[in-house]
Amino acid sequence: MNNYLVNGVELAAVDRGMGLPLLLVHGFPLNHTLWQAQFEDCADHCHVIAPDLRGFGTSGVSEGEVSMEQMADDLAGLLDTMGIQEPVVFCGLSMGGYIAWEFWRRHRSRLAGLILCHTRAAADSPEASANRLLTADRVLAEGLAPIADAMIPRLAAEVTFTRYPERVETVRRMIFSNDPRGVAAASRGMARRADATALLPEIACPTLLIAGQYDQLAPPSEMRAMAEAIPNARLVEIRDAGHLSPMENPAEVNAAILSFLGELRP
Ligand code: MLT
């Protein structure tokens, strides 16, 4: 891991390989190790950058609220600090996808392509948004155990619990690696995020959507509707996976990512 001072905060990131930059943006409330199997396998084929977002893993923390816009600006700033000026493939999972919408709105000239994993374009309902604000308060008062207990059963598919219990343990470790203040700030930021549905027809870069057969949080049907609304997009549905296919079925995910990167090269 290297550390980079970006927008007043230290961001930690894995930086491996050469060639087309592939920026791997983790979901909530996780960290860069979500992408372990990708930076191990894909770094022979491209330049993999896997940061811990502001407030997560070993990166610095901002208290209060951290918006998706701020996270997108952090990632653009990280690329600047690393000296990466050529267009990148932005690969975001779930909250990483919410950040991808803002990256498209604010920094689209920096994109060679988008990979959207297990994410949604719709904003939260008022109830869901209020729940996220309560979650933020609860994490600050009680720590990470309640959010880990509530989320883990919904993140992985049943088949992952049976076949790969150690991967579920890795998810639990990731959640507990985080500072409650960072998790609370991102929860508030997600609660107030903008709806991106109207943006989909404008997304002009090549786009790959990755859905999970058993994802309860970003169901394949919703991902398929997004793929149909984005002009230059296609969808891959990963078998035996819930919301975290990069860990649950890395072989299929890596094949999909590498095939997409292959199509982008001249
Ligand atoms: C994630 O994986 O980033 C979360 O499921 C996002 C969310 O809570 O909407």
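Residues numbered from 1 in each chain as written. Predicted model: local features only at pLDDT ≥ 70, side-chain atom pairs only at ≥ 80, totals over all residues. Heavy atoms only, no water.

K.L.:
In this structure, what is going on with the pairing of strand 3 (residues 21-25)? I would like to understand it.
P.N.:
Where a strand is regular, its side chains alternate between the two sheet faces. In terms of burial, strand 3 is a largely internal element, 5 of the 5 residues being buried. Judged by which residues are buried, strand 3 turns out to be covered on both faces: Pro-21, Leu-23 and Val-25 on one side and Leu-22 and Leu-24 on the other are all buried. In this fold, strand 3 hands off to helix 1 (residues 36-41), which returns the chain to strand 4 (residues 47-51); that crossover is right-handed. Taken together, the 4 bridges between strand 3 and strand 5 (residues 88-93) define a ladder with parallel strand orientation. Looking at strand 5, one finds that Leu-24 is bridged to Cys-91. (Buried < 20%, exposed > 50% of the residue type's maximum accessible area, 1.4 Å probe, protein only. Helix = DSSP H or I, 4+ residues; strand = E, 2+ residues; numbered from the N terminus. Right-handed = clockwise from strand over helix to strand, strands pointing away. Pairing = 2+ DSSP bridges.)

K.L.:
Explanation requested: the nonpolar core in the structure shown.
P.N.:
Grouped burial of nonpolar side chains is what soluble globular proteins tend to show. The biggest cluster of nonpolar side chains holds 91 residues, and the ones touching the most others in it are Leu-22, Phe-90, Met-95, Ile-99, Trp-101 and Ile-115. Looking at which element gives the most residues to this core, the answer is helix 2 (residues 68-82), with 8 residues. Apart from residues no more than four positions distant in its own chain, Phe-90 is found in contact with Leu-23, Val-25, Leu-75, Gly-96, Ile-99, Ala-100, Phe-103, Leu-111, Gly-113, Leu-114 and Ile-115. (Core = buried A, V, L, I, M, F, W, Y, C linked by side-chain atoms within 4.5 Å. Contact = heavy atoms within 4.5 Å.)

K.L.:
Any chance you could explain the packing of aromatic side chains here in plain terms?
P.N.:
Applying the stated rule across the entire model yields 2 aromatic pairs. Taken together, a centroid distance of 6.3 Å and an interplanar angle of 80° make the contact between Phe-28 and Phe-56 edge-to-face. In this pair, Phe-28 is assigned in the loop between strand 3 and helix 1 and Phe-56 in the loop between strand 4 and helix 2, connecting sequence segments 28 residues apart. Residue Phe-28 shares its accessibility class with Phe-56, and that shared class is buried. Pairing Phe-90 with Phe-103 gives two aromatic rings, centres 5.0 Å apart and planes at 50°, and the pair type is tilted. Here the residue Phe-90 occupies a position in strand 5, and Phe-103 occupies one in helix 3 (residues 95-107), the gap between them amounting to 13 residues. Residue classification places Phe-90 among the buried positions, given a relative accessible area of 0%. On the basis of relative accessible area, Phe-103 is assigned to the buried category, the value being 0%. Of note, Arg-167 hangs over the ring of Tyr-164, and the distance from its end group to the ring centre comes to 3.5 Å. (Phe/Tyr/Trp six-rings, centres within 6.5 Å; stacked < 30°, edge-to-face > 60°. Lys NZ or Arg CZ within 6 Å of the ring centre and 35° of its normal.)

K.L.:
Please explain the packing of helix 4 (residues 126-142) against helix 8 (residues 180-191) as it appears in this structure.
P.N.:
When two helices pack together, you describe them by how their axes are tilted relative to each other and by the distance separating the axes. Contact geometry of helix 4 with helix 8 gives a least axis separation of 8 Å together with a crossing angle of 170°. One element, helix 4, and the other, helix 8, form an angle in the roughly antiparallel class. Residue-level contacts link Ser-129, Arg-132, Leu-133, Thr-135, Ala-136, Asp-137, Val-139 and Leu-140 of helix 4 to Pro-180, Arg-181, Val-183, Ala-184, Ser-187, Arg-188, Met-190 and Ala-191 of helix 8. Split by residue class, the contact of helix 4 with helix 8 holds 9 nonpolar, 3 polar and 4 charged. (Axes fitted to C-alpha atoms, helices over the stretch in contact; angles between N-to-C directions. Parallel < 35°, antiparallel > 145°, perpendicular 65-115°, else oblique. Nonpolar A, V, L, I, M, F, W, Y, C, P; charged D, E, K, R; others polar.)

K.L.:
Would you mind showing me how to read the site of the ligand here?
P.N.:
The immediate surroundings of the ligand are formed by Gly-27, Phe-28, Ser-94, Met-95, Tyr-98, Arg-132, Met-151, Met-190, Leu-217 and His-243. Within the side chain of Tyr-98, an N or O atom sits 2.6 Å from an oxygen atom of the ligand. With respect to the ligand, the side chain of His-243 contributes an N or O atom lying 3.0 Å from an oxygen atom. Relative to its unbound accessible area of 270 Å², the ligand is 91% covered by the protein chains. With respect to the detected pockets, the ligand is housed in the largest pocket. Across the shell around the ligand, the residue classes break down as 6 nonpolar, 3 polar and 1 charged. (Near = heavy atom within 4 Å. Polar contact = N/O pair within 3.5 Å; in protein donor to acceptor, adjacent residues only side chain to side chain. Areas by Shrake-Rupley, 256 points an atom, 1.4 Å probe, with all protein chains shown as cover. 1 Å grid on protein atoms, 1.4 Å probe; cavity = no way out; pocket = protein on both sides within 12 Å on 5 of 7 lines; lining within 4 Å. Sits in = over half its atoms within 2 Å of the grid points.)

K.L.:
Mind showing me how you'd approach the layout of surface pockets here?
P.N.:
A water-sized probe, rolled over the atoms, reveals where empty space remains. The computed volume of the largest pocket comes to approximately 760 Å³. Contributing to the lining of the largest pocket are 31 residues, with Phe-28, Arg-132, Met-151, Arg-154 and Leu-217 lying nearest its centre. At the level of secondary structure, the elements contributing two or more residues to the lining of the largest pocket comprise helix 3, helix 4, helix 5 (145-155) and helix 8. (Points joined across faces, edges and corners; volume = space filled by probe spheres on them.)

K.L.:
Help me understand empty space enclosed by the protein, please; the structure alone is not making it clear to me.
P.N.:
Scanning the entire structure with this criterion turns up 2 cavities of 30 Å³ or more. There is about 70 Å³ of room inside the largest cavity. Every residue along the wall of the largest cavity is listed here: Ile-152, Leu-155, Ala-156, Thr-160, Arg-167, Val-168, Val-171, Leu-244, Met-247 and Glu-248. Of all the secondary-structure elements, those providing two or more residues to the lining of the largest cavity are helix 5, helix 7 (165-176) and helix 10 (245-248). When residues of the lining of the largest cavity are assigned to their parent elements, the largest contribution, 3 residues, is made by helix 7. Across the lining of the largest cavity, the residue classes break down as 7 nonpolar, 1 polar and 2 charged. Of the volumes computed, that of the second largest cavity is approximately 40 Å³. Per-element tally for the lining of the second largest cavity: the top contributor is helix 3, with 3 residues. Of the residues assigned to the lining of the second largest cavity, the class counts are 6 nonpolar, no polar and 3 charged.

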